[in-house]
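Architecture and fold: a report
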Amino acid sequence: MIILALVFLVVCISWAHWLAHAHRMDRRTASLPALPTLPLIGNGSLFMGDTEPIGDPRDAQVVLENCLDKDVVYRFLRPWLGHGLFVAPVNLWKTHRKVLLPVFHNKIVEEYLGVIAEQADVLVERLEEKTNGKSFDVLKHVTACTLDIVFETAMGERMDVQHSPDTPYLRARHTVMEILNKRLFKVWLQPDCLFNLTRYARQQKDNIHVTHQFTDEVVQKRRLAYENKNIKNETKKQPEGKLPAVLDLLFGREIEFTNVQLREHIDSITIAGNDTTALVIAYTLVLLGIHQDAQEKVLQEQQQIFGTEKRGSTKEDLLKMNYLERVIKESMRLYTVVPIIARNIDKDIYLPTCGVTMPAGSGAVIGAFAIHRSTAVWGPNPDEFDPDRFLPERSHDRHPAAFLPFSYGSRNCIGRNFGMLIIKSILSSVVRSYKIEADDIGPLKIEMLLFPKNGHQIKISRRTS
Ligand code: HEM
């Protein structure tokens, strides 16, 4: 009884506190143009179904250049990612991003092309069993491949998810993601005091523990190796010819990261880098299946580069894949896998298109998906698949914040070049091996990322020559 009364009291105090805050913000934001709201859930519907055109690149640019702090909604990731780069508070983020940035330099990530090519070969081989004329959801296969690439390059661990997809670590990771998705879109699960009363809180804690244990062990092992002078110099290869992983490159830097900080950064990288990359590949495969003319052009470009050689892509090959690059960009525009980006407005900022000031303490949601489908930016047919929108002569007049798949400004995606290498290299291998067919992407749903409700359905058949 006493416990119930205490819970009730905590709920009432939190509610009163929230109402007072909301009232203060309402007064300060009264002059802003408002979106329609529903009783109880307010603008929550924006996160559940159709996306409204709420974005303008000029406003997005102002917010993303000036407000580097993540919105409070990212706090749900804190128990998992701590102060890892993805959710780090802005002061810490500034110093840590400087240290991590050189590790994602093109010259470093290009060294991983061998790992990428090897895993692309495994994917091609695994897809063979799908050449039975039936449709299947390709995302699962691509995700296993990107997990293998991201784990090996970020942590130096060979997971072989493509052959052994069911491990306690992967199950735990999946469960945490499912709970986070529920929390993001179910308002009643958002206050900690209510969430902690549900079974999800215990499940989340236990599964986060499993994932932390896994990364902690890897960090300890690699630190020991580093301290034993196995990995002395970031630019040198390891004795057995293996490349240093991102984690290895974070030892002995200008900031001496603790093991916990390393775990938080590595977890942030593997979580931010994997599903995003896999989704872009899967959407692009479906689009190539729908648009046979574009697939034929991609294939011709590949044949010009490789002839009949069956090998993975090198840096030089990737530079020649101009048409494929335009197809990937068009895929990221139409199916923006991170459809919304939310920032905390930590100082008053003026939004040029509506002529109002957003007060400090409010939050801003950048509708990247909406901006990517805006007629004002992309012309009369923004829903049409047209890779040539990204020809240089058709792009130079476009607003710099009109295309935001990797966000914009200094807190944009640190792994964007690496992501593009993986996407191009895998698509090159798959398209050279299989002819792809697809009907439609169908309705979409927003979880933390953007998914087609019916999955990424394609049919494949072996190319004969
Ligand atoms: C096509 C693939 C990718 C897409 C579409 C993508 C997209 C994004 C976006 C939109 C953000 C900003 C999110 C926000 O502010 O809410 C971001 C941040 C981030 N991404 Fe990526 N990403 C991709 C690949 C990768 C890869 C391959 C890695 C690393 C291996 C990576 C690591 C990160 C990290 C660490 C951050 C946080 C950066 C910071 O706050 O400084 N991403 N990504």
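Refer to the preceding data block for the structure.
Cut-off values and rules
Residue numbers here run from 1 along each chain, matching the order of that chain's written sequence. It should be noted that, the model being predicted, local features are given only for residues of pLDDT at least 70 and side-chain atom pairs only at 80 or more, the latter also being counted only at that level, while totals for whole chains, interfaces and linings use all residues. To obtain the side-chain values, all non-hydrogen atoms of the structure were used and water was disregarded. Going along the chain from the N terminus, every DSSP run of H or I of four or more residues is numbered as a helix, and every run of E of two or more is numbered as a strand. For the exposure calls, accessible area comes from a 1.4 Å probe over protein chains only, and a residue counts as buried if that area is under 20% of its type's maximum, exposed if over 50%, partly exposed in between. The method behind every accessible area is Shrake-Rupley, applied with a 1.4 Å probe, and residues are considered shielded solely by the protein chains displayed. Any residue with a non-hydrogen atom lying within 4 Å of a molecule or strand is treated as near it. Whenever a nitrogen or oxygen atom comes within 3.5 Å of another N or O atom, the pair is scored as a polar contact, on the condition that within protein one atom can donate a hydrogen and the other can accept it, and that pairs from neighbouring residues in sequence are kept only if both atoms are in side chains. Gly is put with the polar residues, along with every residue not named as nonpolar or charged; the nonpolar set is Ala, Val, Leu, Ile, Met, Phe, Trp, Tyr, Cys and Pro, and the charged set is Asp, Glu, Lys and Arg. Definition used for salt bridges: Asp or Glu carboxyl oxygen within 4 Å of a side-chain nitrogen of Lys or Arg. Counted as donors are the N, O and S atoms within 2.8 Å of the metal, or 3.2 Å for Na, K and Ca, while water is not among the atoms, so some sites may look incomplete. The rule is short: rings of Phe, Tyr and Trp, with Trp giving its six-membered ring, pair when the centres are within 6.5 Å, and they are stacked under 30 degrees, edge-to-face over 60, tilted in between. Both a distance and an angle decide whether a charge sits over a ring: NZ of Lys or CZ of Arg must be within 6 Å of the ring centre and within 35 degrees of the ring normal. Strand pairing is assigned whenever DSSP identifies at least 2 bridges connecting the two strands. Two residues form a contact once any of their heavy atoms are found within 4.5 Å. Each axis is a line fitted through C-alpha atoms, and for a helix only the stretch in contact is used; angles between axes span 0 to 180 degrees, taken between their N-to-C directions. Charge convention: Lys and Arg are scored as positive, Asp and Glu as negative, and His as well as the terminal groups of each chain are ignored.

A few points about the overall build of the chain
A tally of regular secondary structure across the chain gives 18 helices and nine strands. By residue count, 49% of the 465 residues in the chain fall in the buried class. For the chain, the exposed surface amounts to about 22800 Å²; the carbon and sulfur share of it is 55%.

A look at the site of the ligand
Not every one of the 28 residues close to the ligand is listed here, only the nearest: Y74, W93, R97, R411 and C413. Note that an oxygen atom of the ligand is positioned 3.1 Å from one of the side-chain N or O atoms of K70. Separating an oxygen atom of the ligand from a backbone N or O atom of L85 is a distance of 3.3 Å. Only α4 (90–100), α11 (259–290), β2 (340–344) and α18 (416–433) provide two or more residues apiece to the shell around the ligand. Top element by residues in the shell around the ligand is α11. It accounts for six residues. Counted by class, the shell around the ligand contains 17 nonpolar, seven polar and four charged residues.

Considering the pattern of salt bridges
All chains considered together, the criterion is met by 23 salt bridges. Across the pair E128 and R462 runs a salt bridge whose closest N-O atoms are separated by 2.9 Å. In this pair, E128 sits in the loop between α6 (113–127) and β1 (136–137) while R462 sits in strand β9 (residues 457–462), placing the two residues 334 residues apart along the sequence. Among the residues examined, E128 registers a relative accessible area of 34% and is labelled partly exposed.

Let's talk about the coordination of the iron atom of the ligand
Looking at the iron atom of the ligand, one finds just one donor atom contributed by the protein, C413 (SG), at 2.3 Å. Summarising the element assignment, C413 is placed in the loop between α17 (392–395) and α18.

Digging into the packing of aromatic side chains
If you walk through the whole model with that rule in mind, you get 10 aromatic pairs. Summarising the aromatic geometry, the rings of F151 and Y169 are spaced 5.7 Å apart at their centres and angled 70 degrees between planes, so their arrangement reads as edge-to-face. In this pair, F151 is assigned in helix α7 (residues 139–155) and Y169 in helix α8 (residues 168–185), connecting sequence segments 18 residues apart. By the ring-pair criterion, three or more aromatic residues cluster together here, those being F151, Y169 and F214. The ring of F390 carries the charged tip of R398 above its face, separated from the ring centre by 5.5 Å.

What to know about the sheet that holds β1
For sheets, the rule is that strands pair by backbone hydrogen bonds, running either parallel or antiparallel. Spatial ordering of the open sheet is given by β1-β9-β6, a layout of three strands whose pairing is antiparallel. Looking at the sheet topology across the chains shown, the edges are occupied by β1 and β6 (434–437). Its contacts with the sheet place α11 against β6 and β9, and it is angled at close to 80 degrees to β6. Lying on the sheet, α18 is in contact with β6 and β9; it crosses β6 at an angle near 95 degrees.

Some points on the side chain of E301
Assignment of secondary structure puts E301 in helix α12 (residues 292–306). Buried and unpaired, E301 has no salt bridge, with R326 as the nearest side chain of opposite charge at 6.3 Å. Polar contacts involving the side chain of E301 include one to the main-chain amide nitrogen of N322, which spans 3.1 Å. Non-local contacts of E301, meaning those with residues more than four positions away in its chain, are made with K320, M321, N322, Y323 and L324.

Quick notes on unusual backbone geometry
For D160, which is not glycine, the phi dihedral falls at a positive 55 degrees. Here D160 shows up in the loop between α7 and α8. A relative accessible area of 34% places D160 in the partly exposed class. In the Ramachandran plot, S407 falls in the positive-phi region, its phi being about 65 degrees despite a non-glycine side chain. Inspection of the secondary structure puts S407 in the loop between α17 and α18.

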